[in-house]
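# Overview (structure and organization)
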Amino acid sequence: MNIILTGSTGFVGARVLYQLQKEGYAVTCIPSEMLKGDISDKQLLSLMRIFAEANPDVIVHTAAISSTVYSEQHPDESYIANVKLPQVMAKLAVANQCKLISCSSDQVYCGCTGIEPYSEKEEGLAPTNVYGRHKLEAEKRILDICPDAVSLRLSWMYDLPVYQTKTNHSFVLALIKSALTGKAVIYSVNDFRGITYVRSVAENISKTFNLVGGVYNYGSENEKNMYATACVFMVAMGMENRIPELIQLTDAQPLRNLRMDCTKLRGCDIHFETTTESINKMIADYTGLF
Ligand SMILES: NC(=O)c1ccc[n+]([C@@H]2O[C@H](COP(=O)([O-])OP(=O)(O)OC[C@H]3O[C@@H](n4cnc5c(N)ncnc54)[C@H](OP(=O)(O)O)[C@@H]3O)[C@@H](O)[C@H]2O)c1
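## A short note on the overall build of the protein
The number of helices and strands found in the protein is eleven helices and twelve strands. For the protein, whose C-alpha radius of gyration is 19 Å, the value lies close to the compact-globule estimate of 19 Å for 290 residues. By principal-axis analysis of the C-alpha atoms, the protein measures approximately 60 × 45 × 40 Å. Looking at the protein as a whole, 53% of its 290 residues are labelled buried. Within the protein, contacts between residues at least 6 apart in sequence are counted, and of these 78% link residues at least 24 apart. When the accessible area of the protein is evaluated, it comes to approximately 13500 Å², of which 53% is carbon and sulfur surface. The averaged location of the 31 negative side-chain charges in the protein is 3 Å from the averaged location of its 27 positive side-chain charges.

## Quick notes on empty space enclosed by the protein
For the structure shown, the criterion picks out one cavity of 30 Å³ or more. Its boundaries defined by the atoms lining it, the largest cavity holds a volume of some 90 Å³. Pro-86, Ser-102, Cys-103, Lys-135 and Ala-138 are the residues nearest the centre of the largest cavity, which is lined by 15 residues in total. Those elements that provide at least two residues to the lining of the largest cavity are helix 4 (75-95), strand 4 (99-105) and helix 5 (130-145). Considering each element in turn, the lining of the largest cavity owes the most residues, four residues, to helix 5. Its residues assigned to classes, the lining of the largest cavity comprises seven nonpolar, six polar and two charged.

## Some thoughts on the nonpolar core
Nonpolar side chains tend to gather and get buried jointly when the protein is soluble and globular. Membership of the largest hydrophobic core comes to 29 residues, with the highest contact counts inside it found for Leu-20, Val-60, Leu-152 and Tyr-218. Secondary structure elements with two or more residues in this core: strand 1 (2-6), helix 1 (11-22), strand 3 (58-61), strand 4, strand 5 (150-154), helix 7 (198-204) and strand 10 (214-218). In terms of residues, this core owes the most to one element, helix 1, which gives five residues. Beyond its immediate chain neighbours, meaning those up to four positions away, Leu-20 contacts Ile-3, Tyr-25, Val-27, Val-60, Ile-205, Ser-206 and Phe-209.

## A short note on the pattern of salt bridges
Scanning the entire structure with this criterion turns up 13 salt bridges. As a salt-bridge pair, Asp-159 and Arg-15 come within 3.1 Å of each other at their nearest N and O atoms. Of the two residues, Asp-159 is situated in the loop between strand 6 (156-158) and helix 6 (171-181) and Arg-15 in helix 1; the sequence distance between them amounts to 144 residues. Across this residue pair, the class does not change: Asp-159 and Arg-15 are buried. Between Lys-99 and Asp-148 there is a salt bridge, with the nearest N and O atoms lying 2.9 Å from each other. Pair noted here: Lys-99 is in strand 4 and Asp-148 is in the loop between helix 5 and strand 5, with a separation of 49 residues, a long-range link. You can call Lys-99 buried: its relative accessible area is 8%. On the basis of relative accessibility, which here comes to 40%, the residue Asp-148 falls in the partly exposed class. Among the charged side chains, a salt-bridge network with shared partners connects Arg-199, Glu-203, Glu-273, Lys-281 and Asp-285.

Definitions and cut-offs
Each chain carries its own residue numbering, running from 1 in the written order of its sequence. Local features in a predicted model are, by the rule used here, given only for residues with pLDDT of at least 70; side-chain atom pairs are given and counted only at 80 or more, and totals for whole chains, interfaces and linings are based on all residues. Each side-chain value is derived from all of the structure's non-hydrogen atoms; neither hydrogens nor water enter the calculation. Secondary structure elements follow DSSP: runs of H or I of four or more residues count as helices, runs of E of two or more count as strands, with numbering from the N terminus. What the globule rule says is 2.2 Å times the number of residues to the power 0.38, and the radius of gyration is computed from C-alpha atoms. Whether a residue is buried, partly exposed or exposed follows from its accessible area with a 1.4 Å probe, protein chains only, as a fraction of its type maximum: under 20%, in between, or over 50%, in that order. Residue contacts follow a heavy-atom distance rule, with two residues in contact if any of their heavy atoms lie within 4.5 Å. Exposure was quantified through the Shrake-Rupley algorithm and a 1.4 Å probe, taking into account, for residues, occlusion by the shown protein chains and nothing else. Positive: Lys, Arg. Negative: Asp, Glu. His and the chain ends are not part of the count. We put the charge of a Lys on NZ, of an Arg on CZ, of an Asp on CG and of a Glu on CD. Here a cavity denotes a set of grid points, spaced 1 Å apart and computed over the protein atoms alone, in which a 1.4 Å probe fits but from which it cannot get out, and a pocket denotes an open set meeting protein on both sides within 12 Å along at least five of seven lines; residues with an atom within 4 Å of a point are reported as lining. Grid points are joined across faces, edges and corners, and a volume is the space filled by probe spheres set on the points. Note on residue classes: Ala, Val, Leu, Ile, Met, Phe, Trp, Tyr, Cys and Pro are nonpolar, Asp, Glu, Lys and Arg are charged, and everything else, Gly too, is polar. As used here, the term nonpolar core means buried Ala, Val, Leu, Ile, Met, Phe, Trp, Tyr and Cys residues forming a set that is joined through side-chain atoms within 4.5 Å. The salt bridge criterion pairs a side-chain nitrogen of Lys or Arg with a carboxyl oxygen of Asp or Glu, the two atoms within 4 Å.

Written out as structure tokens, the structure is:
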């Protein structure tokens, strides 16, 4: 089976590439330079040539501007990367009669005021940040072009730094930095979100190739608030005695709930550990270090 992968130099894409090759897929990576900026006719022709050669069965589209902060500051760039580029991928999927798996985000729920985890509702979503709005618009536009396409709503992810592989800002790195510097980090008891070990995201990706077109919440569920989640990591690292020194609890911030209900995904036999379980999975992966 032939796969086209975008964003293979990224935090998620690099791990997806490793995983798909391990599973025996023939993966063609599109260099990021070919995807940056408003896609010109010349760029499109080059892409069409690569697609014709690769003869893909599936496109896994991870390339994006992934920073909410950068998107907020550069909305035009975000629109090009996070709305227009996915549409190009959807058109290429139709032209090449292949499946499109595209990365969306739990930020589409940003601004929702519910207290329970959200199922894949689309009505009434009005993300309060640029990135979330663009991801939501991309989901809709992709499906208009290619009803068989799949958008995965990914949650915040983490891993330990891996040599020559992109690492993203995560709560795990913040806590390790805090342990090294002795400078405390503040976590809110009113902040709720799933956080996912990126290895599990990559390990499940080939199972998404069989999903019916649509939008799916895709990641670890988490009953705990961010303060409690940070404490889980400290305990798993054997640093529970440093919790009072390194983690400050606040209840001053308003409620934020980005938690996703992954029942739909489970119904398709795709399973994630809870965030607590995934923290222990990651630490087990790096046991040589501890
Ligand atoms: N990381 C998370 O916690 C998280 C959470 C929810 C959703 N997501 C989504 O998951 C997907 C993968 O995220 P990630 O963390 O792997 O992102 P990342 O580490 O920032 O990697 C982004 C990839 O896209 C490329 N890229 C950067 N700017 C681009 C642009 N303007 N146009 C086209 N390509 C561009 C990068 O190429 P260069 O290396 O050449 O810059 C890199 O290959 C994205 O859709 C992101 O929005 C991520």
